[in-house]
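Spelled out, the chains give:
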Amino acid sequence: MRLRFAPFELQLRHRFGIAGHTRTSTPLVLTEIEYQGTIGNGEASMPPYLAENQETAQQFLSVIDLTPFDAPRNREDIERIMQYVDSVAPGNTAAKAAIDIALHDLLGKLSDKPCYELFGVNPALMPSSSFTIGIDTPEVIRKKVKEAEGFQVIKVKLGSGQDKEIIETIRAETSLPISVDANQGWKHKEAALEMIHWLSERKVLFIEQPMPKEDKEGNAWLTANSPLPIVADEACQRLVDVESAAQAYDGINIKLMKCTGLAEAAKMIVRARELNLKILIGCMTETSCAVMAAAALAPLCDWADLDGPWLVANNPWQLPLLEKGRIRLENRPGLGLRAAEE
Ligand code: MG
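The numbers attached to residues start from 1 for each chain and follow its sequence in the written order. Local features in a predicted model are, by the rule used here, given only for residues with pLDDT of at least 70; side-chain atom pairs are given and counted only at 80 or more, and totals for whole chains, interfaces and linings are based on all residues. Think of the side-chain values as coming from all heavy atoms in the structure, minus any hydrogens and water.

**Considering helix α1 (residues 54–62)**
Okay, so step 1: Those residues of α1 not exposed but buried are Q54, A57, F60 and L61. The arc that holds the buried residues of α1, viewed along the axis, is 135°, so those residues lie on one side. In α1, the exposed positions angled more than 90 degrees off the buried face are occupied by E55 and Q59. Classification of residues uses two cut-offs on accessible area relative to the type maximum, computed with a 1.4 Å probe and protein chains only: under 20% is buried, over 50% is exposed, and between them is partly exposed. Helix and strand definitions follow DSSP, with helices as H or I runs of at least four residues and strands as E runs of at least two, each counted in order from the N terminus. What the arc measures is the spread of directions leading from the helix axis to the C-beta atoms.

What follows is the structure, encoded as structure tokens:
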């Protein structure tokens, strides 16, 4: 197998604000793994507040040698290849995911099966996906609620000090259920709990990463007292983190870019269920490629936040199909991607 990769700047349709950051584009590295003329596609997405960037990802990918490996015939073969990839250097989780995703797309194409079938997933169990609204002015927030047409859940970024104003602006426009992501933006547990009680009266489903990930005691206290489920995102990156997340949270947010891809995400889902955790499957700003990879596992999860391709202006792939707010998994080999110009 041969690995190729190239940088790609993914342009956002709107300036995007979360607690502490704002940006207009997201750096990607796109990957291809080729075996006898069949190509699997993958992607690394690296929002600037995380540790990786296009340079680190390309440097990591340039030392990966897949030529000694035969094409994967099953998921176990991919797990073996990913053990090698993971052993090359610590970190680099998005770059590793770019290999994992391309391998699964390739395996699906070579075995003429959709990726979800490789995991025994029933597409009919797909949860609704949320559409994310960043921290912004009331005027822009109203505009974004209108753009969420077709989605059945709104995800809101809080933690900026204008939290109630943002929720009230959205509630004046729509009665759709809301999920909240504070991105560690709440610093005092008592004030956070008061806010969660206020939110619980406004059709909010759950709260993602309310307080800084280092404040395990504060997050655990909130989880014990909150009327809404509390979900770890920044505090839970990989399989090894699931156990400790279960001590402080009701659920975890799994993202392929954090956990090195589908192979490890599938294991996290199994472990999370053993520990009675709820599961949200999320994404970064991503093209249809990485989002369709996550969508292949989404029917195994309680909630999905897979809106990346709808937030960007230059997706090289066609948008996933959205039916009643749920991504439809098509019976096409691999990730089922179609080039944008097809
Ligand atoms: Mg989050």
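**A closer look at the domain arrangement of the protein chain**
Okay, so step 1: Domain boundaries in the protein chain define domain 1 (2–116) and domain 2 (117–327).
Okay, so step 2: Contacts were defined at the residue level, with two residues in contact if any of their heavy atoms lie within 4.5 Å. Across the boundary between the two partners, domain 1 contributes 41 residues, which contact 45 residues of domain 2.
Okay, so step 3: Interface area for domain 1 against domain 2, summed over the two sides, is near 3,600 Å², with a carbon-plus-sulfur share of 62%.
Okay, so step 4: Only one rule defines a salt bridge in this text: a Lys or Arg side-chain nitrogen within 4 Å of an Asp or Glu carboxyl oxygen. Counting across the interface, domain 1 meets domain 2 through 3 salt bridges.
Okay, so step 5: Here a polar contact is recorded for every N or O atom pair within 3.5 Å, except that within protein the pair must consist of a potential hydrogen donor and a potential acceptor, and residues adjacent in sequence are included only if both atoms are side-chain atoms. At the surface where domain 1 touches domain 2, the tally comes to 24 residue pairs in polar contact (both at pLDDT 80 or more).
Okay, so step 6: Of all the elements in the fold, those that place two or more residues in the side of domain 1 that touches domain 2 are β1 (2–18), β2 (21–35), β3 (38–45), α2 (75–88), α3 (93–111) and α4 (115–118).
Okay, so step 7: For this scheme, ten residues count as nonpolar: Ala, Val, Leu, Ile, Met, Phe, Trp, Tyr, Cys and Pro. Four count as charged, namely Asp, Glu, Lys and Arg, and the remainder, Gly too, count as polar. Here the side of domain 1 that touches domain 2 is composed, by residue class, of 19 nonpolar, 11 polar and 11 charged. The domain limits used here are those given by an automatic or database domain assignment. Buried area, as used here, totals the accessible surface that two parts lose on assembly, with accessibility defined by a 1.4 Å probe and the loss added over both.

**Description of the pairing of strand β7 (residues 204–208)**
Sheet faces and side chains relate simply in a regular strand, where the side chains alternate between the two faces.
Okay, so step 1: Most of β7 sits inside the fold, with 4 of its 5 residues counted as buried.
Okay, so step 2: Here, strands pair whenever DSSP counts at least two bridges between them. Here strand β6 (residues 178–181) runs beside β7; their pairing, made up of 3 bridges, is parallel. Residue D181 lies in a different strand from β7, and its bridge partner there is E208.
Okay, so step 3: Handedness of the crossover is the feature at issue here: the chain leaves β6, passes through helix α7 (residues 189–200), returns alongside β7, and the resulting connection is right-handed.
Okay, so step 4: By the bridge criterion, 2 bridges tie β7 to strand β8 (residues 230–232) in an arrangement that is parallel. In the sheet register, I207 faces β8, and the bridge partner there is I230.
Okay, so step 5: Orienting the strands away from the viewer, one traces the path from the first strand over the helix to the second; a clockwise path indicates a right-handed crossover. What joins β7 to β8 is helix α8 (residues 216–225), and the crossover it makes is right-handed.

**What about the packing of aromatic side chains?**
Okay, so step 1: In summary, the pairing rule links any two rings of Phe, Tyr or Trp, Trp by its six-membered ring, whose centres are within 6.5 Å, and it sorts them by plane angle into stacked for under 30 degrees, edge-to-face for over 60 and tilted for everything else. All chains considered together, the criterion is met by 4 aromatic pairs.
Okay, so step 2: A centroid spacing of 5.5 Å and a plane angle of 40° characterise the contact between F69 and Y84, whose relative ring orientation is tilted. Pair noted here: F69 is in the loop between α1 and α2 and Y84 is in helix α2, with a separation of 15 residues, a long-range link.
Okay, so step 3: A centroid spacing of 5.2 Å and a plane angle of 50° characterise the contact between F131 and F151, whose relative ring orientation is tilted. Taken as a pair, F131 in strand β4 (residues 130–133) and F151 in the loop between α5 (138–147) and β5 (153–157) lie far apart in primary sequence, 20 residues in all. Take F131 and F151: they sit in the same class, and that class is buried.

**Looking at the environment of L239**
Okay, so step 1: Inspection of the secondary structure assignment puts L239 in helix α9 (residues 239–245).
Okay, so step 2: Since its relative accessible area comes to 31%, L239 is described here as partly exposed.
Okay, so step 3: Note: C-alpha distance between L239 and E264 (25 residues apart in sequence) is 6.7 Å.
Okay, so step 4: If near-sequence neighbours (up to four positions away) are discounted, L239 is found in contact with E264, K267, M268 and R271.

**Some points on the sheet that holds β7**
Okay, so step 1: Strand order in this open sheet of 8 strands is β4-β5-β6-β7-β8-β9-β10-β11, and the pairing throughout is parallel. Two strands in the sheet have a free side with no partner beyond their single neighbour: β4 and β11 (303–305). Taking the axes of each pair of neighbouring strands and ignoring which way they run, one obtains an average angle of 25° across the sheet. To obtain each axis, a line is fitted to C-alpha atoms, and for helices this fit is confined to the stretch in contact; angles are then taken between N-to-C directions over 0 to 180 degrees.

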